[in-house]
There are 2 protein chains.
Amino acid sequence: MAGARRPGAEISDLTAKRLSVYLRSLEDLQAAGVTTVSSQAMAEKFGLNSAQIRKDLACFGEFGVRGVGYVVADLKDQITRILGLTRDRKVIIVGAGNLGMALADYAGFNAGGFRIVALFDNDRGKVGGRSRGGVPVLDMEALPQIARREKAGIAVLAVPAAAAQKVLDLVSRAGIKAILNFAPAQLKARPGVTLKAVDLKIQLENLVFHLARAEEVHR
Amino acid sequence: MAGARRPGAEISDLTAKRLSVYLRSLEDLQAAGVTTVSSQAMAEKFGLNSAQIRKDLACFGEFGVRGVGYVVADLKDQITRILGLTRDRKVIIVGAGNLGMALADYAGFNAGGFRIVALFDNDRGKVGGRSRGGVPVLDMEALPQIARREKAGIAVLAVPAAAAQKVLDLVSRAGIKAILNFAPAQLKARPGVTLKAVDLKIQLENLVFHLARAEEVHR
DNA sequence: ATGTGTGAAGTGCTTCACAGCG
DNA sequence: CGCTGTGAAGCACTTCACACAT
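Criteria and cut-off values
- Residues numbered from 1 in each chain as written.
- Chains lettered and ligands numbered in written order.
- Predicted model: local features only at pLDDT ≥ 70, side-chain atom pairs only at ≥ 80, totals over all residues.
- Heavy atoms only, no water.
- Phe/Tyr/Trp six-rings, centres within 6.5 Å; stacked < 30°, edge-to-face > 60°.
- Helix = DSSP H or I, 4+ residues; strand = E, 2+ residues; numbered from the N terminus.
- Buried < 20%, exposed > 50% of the residue type's maximum accessible area, 1.4 Å probe, protein only.
- Contact = heavy atoms within 4.5 Å.
- Buried area = accessible area lost by both parts, 1.4 Å probe.
- Salt bridge = Lys/Arg side-chain N within 4 Å of Asp/Glu carboxyl O.
- Polar contact = N/O pair within 3.5 Å; in protein donor to acceptor, adjacent residues only side chain to side chain.
- Nonpolar A, V, L, I, M, F, W, Y, C, P; charged D, E, K, R; others polar.
- Domains from an automatic or database assignment.
- Least-squares fit on C-alpha atoms with pLDDT ≥ 70 in both.
- Near = heavy atom within 4 Å.
- Arc of directions from axis to C-beta.
- Axes fitted to C-alpha atoms, helices over the stretch in contact; angles between N-to-C directions.
- Left-handed = near helix turned anticlockwise from the far one by under 90°.

(A) Spotlight on the packing of aromatic side chains. Residue and element names in this part refer to chain A. As enumerated under the stated definition, the model contains two aromatic pairs over all chains in all. Plain terms: the ring middles of Tyr22 and Phe46 are 5.8 Å apart, the flat faces sit at 35 degrees to each other, and that makes the pair tilted. Of this pair, Tyr22 sits in helix 1 (residues 13-31) while Phe46 is found in helix 2 (residues 39-46), placing the two residues 24 residues apart along the sequence. In this pair, the class of Tyr22 matches that of Phe46, namely buried.

As structure tokens, then:
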């Protein structure tokens, strides 16, 4: 019952992503006044296998009550803790173009423990301004200093592909250890730095691939 | 040597995504004047295994030249064809908020065979306007008609989570078979409809998870 | 009776290693 | 000789199926 993590368990990235999904669903359930939920019920909600959900949760201890299921409030707190979401995290966005500006004001981004503290750009015309939501646009040169002073833990890259690797190196040198890249480029992060990519073009191309296959079968 | 697909080969989604990555890299190589490339060289570029690249490509025929590698221009054309990127695709975006507007003007989105034809919103204050790049904002009620008339094949969902499932159903009924969802919600698509999700919050939470683990090891 | 936790089986993706072609 | 194409081995994730707790 102690909050300690089971020591031997190595948690896969896929499991961690599913935990986020479970967490969101538990918040919905809690808001709806549901107090306990079975792995079965959750599985149906996501189109997953119930054993997978139990395995994911069992990595961290025995949260379930046999014969009953999981207590929604408890499980929510446990997952929040496991994912490290108890503390607020400061985020900087590099690139104050269309996408960067939109992300700075995106509601889902500026909530649930995340706070966007600044945008950075090297375009002097943009520096000094603010996003509609009020996030300030600062000079790229100030990035290392501001990142350290604000203790920003996460950087979002919304810069052109050609500049992305350089910016990644810059923010890494500034001590940032977690980076979300929106630039359509394959980047290399130094060890100890977690880099995730959201490549919109690849997503679209992948959709086209499925469309093309469907059209072919249809013929 | 004929362009025909090998019949038995079932292509996995992961392979298809990597093909998009290869394609992008081949475009770079071609622009740099490189005419042939080995799987080794490409593997180093992405931090992948060379056998994987060869396997991915071998699904569709024997494109390589033994002892030499792959001819960049040929391989690029083949992958373009395999991914179904020979034809232009029309895209609609539902939700003309910050994110939808930014996506409509996003350079990487409006290029390489993709064309964003319209934004849709049910907010009368937005309808009739345009994005900065000139994409018109139309009334949601006009969606089915416009989608069919324009033969839009892809829809991007940039609406609030609470509305997402309804909008997904609406665009599905309008005949759209490929959907990219940005709303933070688990949606269910009917059979025959491909649904991909870009869940920014889950990405951020995943980064925090890695940060939290790193901090723990550090202690 | 009900639903968790988990070893074992199943599935699919990745990597190895080498035959074979240019 | 160099590099592709590919069967076989390795590995990771998923699903099954059931003992066991309540």
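(B) Focus on the interface of chain A and chain B. Taken together, the contact between chain A and chain B spans 63 residues of the former and 63 residues of the latter. Roughly 6100 Å² is buried in total at the junction of chain A and chain B, and carbon and sulfur atoms are behind 62% of that figure. Counting every contact that joins chain A to chain B gives six salt bridges. Note that Asp199(A) and Arg24(B) form a salt bridge whose closest N and O atoms lie 2.7 Å from each other. Where chain A touches chain B, the interface holds 20 residue pairs in polar contact (both at pLDDT 80 or more). Secondary-structure elements contributing two or more residues to the side of chain A that touches chain B are helix 1, helix 2, helix 5 (98-105), strand 7 (178-181), strand 8 (194-197) and helix 8 (200-218) of chain A. No other element matches the 16 residues that helix 8 of chain A contributes to the side of chain A that touches chain B. For the side of chain A that touches chain B, the per-class residue count stands at 32 nonpolar, 11 polar and 20 charged.

(C) Quick look at the side chain of Thr80(A). Residue and element names in this part refer to chain A. Along the chain, the position of Thr80 falls in helix 4 (residues 72-82). Take Thr80: its relative accessible area is 18%, and that puts it in the buried class. Excluding anything up to four places from it in sequence, Thr80 contacts Leu23, Leu85 and Thr86.

(D) Examining the domain arrangement of chain A more closely. Domain parsing of chain A yields domain 1 (13-82) and domain 2 (89-202). Computed over C-alpha atoms, the centres of domain 1 of chain A and domain 2 of chain A are 32 Å apart.

(E) Just the relation of the copies chain A and chain B, in detail. Rotating chain A by 180 degrees about the axis while translating it 0.0 Å along that axis superimposes it on chain B, leaving an RMSD of 0.0 Å. In the structure described here, the two chain copies are related by an operation that fits a two-fold rotation axis. When C-alpha positions in chain A are compared against the rotation axis, the closest is assigned to Ala102(A), at 3.0 Å. Of the residues that chain A buries at the interface, 100% are likewise interface residues in chain B, meaning the two copies contact each other through the same surface.

(F) Unusual backbone geometry, seen in detail. All names here are of chain A. One non-glycine residue, Lys151, lies in the positive phi region at around 55 degrees. Counting through the fold element by element, Lys151 comes out in the loop between helix 6 (143-150) and strand 6 (154-157). Its relative accessible area of 69% is what places Lys151 among the exposed residues.

(G) Representation of the protein's contact with DNA strand C within the structure. For DNA strand C, the set of nearby residues contains 23 residues, the closest of which are Ser39(A), Arg54(A), Lys55(A), Tyr70(A) and Gln52(B). Measuring from a base nitrogen of DNA strand C, one finds a side-chain N or O atom of Arg54(A) at 2.7 Å. Put simply, the parts of the chain that give the surface near DNA strand C at least two residues each are helix 3 (50-58) of chain A together with helix 1 (13-31) and helix 3 (50-58) of chain B. In terms of residue count, the dominant contributor to the surface near DNA strand C is helix 3 of chain B (four residues). Class assignment of the residues belonging to the surface near DNA strand C gives a composition of six nonpolar, eight polar and nine charged.

(H) Seen up close, the environment of Ala155(B). Residues and elements named next belong to chain B. Residue position: Ala155 is located in strand 6 (residues 154-157). A C-alpha to C-alpha distance of 5.7 Å links Ala155 and Ile93, two positions 62 residues apart in sequence. When neighbours within four sequence positions are excluded, Ala155 is seen to be in contact with Ile92, Val171, Ile176, Ala178, Ile179 and Leu180.

(I) Broad picture of the protein's contact with DNA strand D. Lining the immediate surroundings of DNA strand D are 24 residues, of which Arg18(A), Gln52(A), Ser39(B), Arg54(B) and Tyr70(B) lie closest. Contact between DNA strand D and Lys55(B): a base oxygen at 2.8 Å from a side-chain N or O atom of the residue. Those elements giving two or more residues to the surface near DNA strand D turn out to be helix 1 and helix 3 of chain A together with helix 3 of chain B. Per-element accounting of the surface near DNA strand D gives the leading share, four residues, to helix 3 of chain A. Considered class by class, the residues forming the surface near DNA strand D number seven nonpolar, eight polar and nine charged.

(J) Inspection of helix 3 of chain A at higher detail. Residue and element names in this part refer to chain A. For helix 3, the set of buried residues is Ser50, Ile53, Asp56 and Leu57. Summarising the axial view, the buried residues of helix 3 lie within an arc of 125 degrees, below the 170-degree limit, and thus occupy one face. Tucked into the core, helix 3 has its buried residues touching helix 1, helix 2, strand 2 (70-71) and helix 4. The opening residue of helix 3, the one whose side-chain oxygen lies 2.7 Å from the backbone nitrogen of Ala51, is Asn49.

(K) Expanded view of the pattern of salt bridges. This structure, assessed with the given rule, holds 18 salt bridges over all chains. One salt-bridge network, held together by shared partners, links Asp13(A), Lys17(A) and Lys196(A).

(L) Inspection of the packing of helix 1 of chain B against helix 4 (residues 72-82) of chain B at higher detail. Residue and element names in this part refer to chain B. Running from N to C, helix 1 and helix 4 point in directions that differ by 145 degrees, and their axes come no closer than 9 Å. Helix 1 and helix 4 meet at a crossing whose hand is left-handed. For the pair helix 1 and helix 4, the contacting residues are Leu19, Tyr22, Leu23, Leu26, Glu27, Leu29 and Gln30 in the first and Val72, Ala73, Leu75, Lys76, Ile79, Thr80 and Ile82 in the second. Taken together, the residues of the contact of helix 1 with helix 4 sort by class into 10 nonpolar, two polar and two charged.

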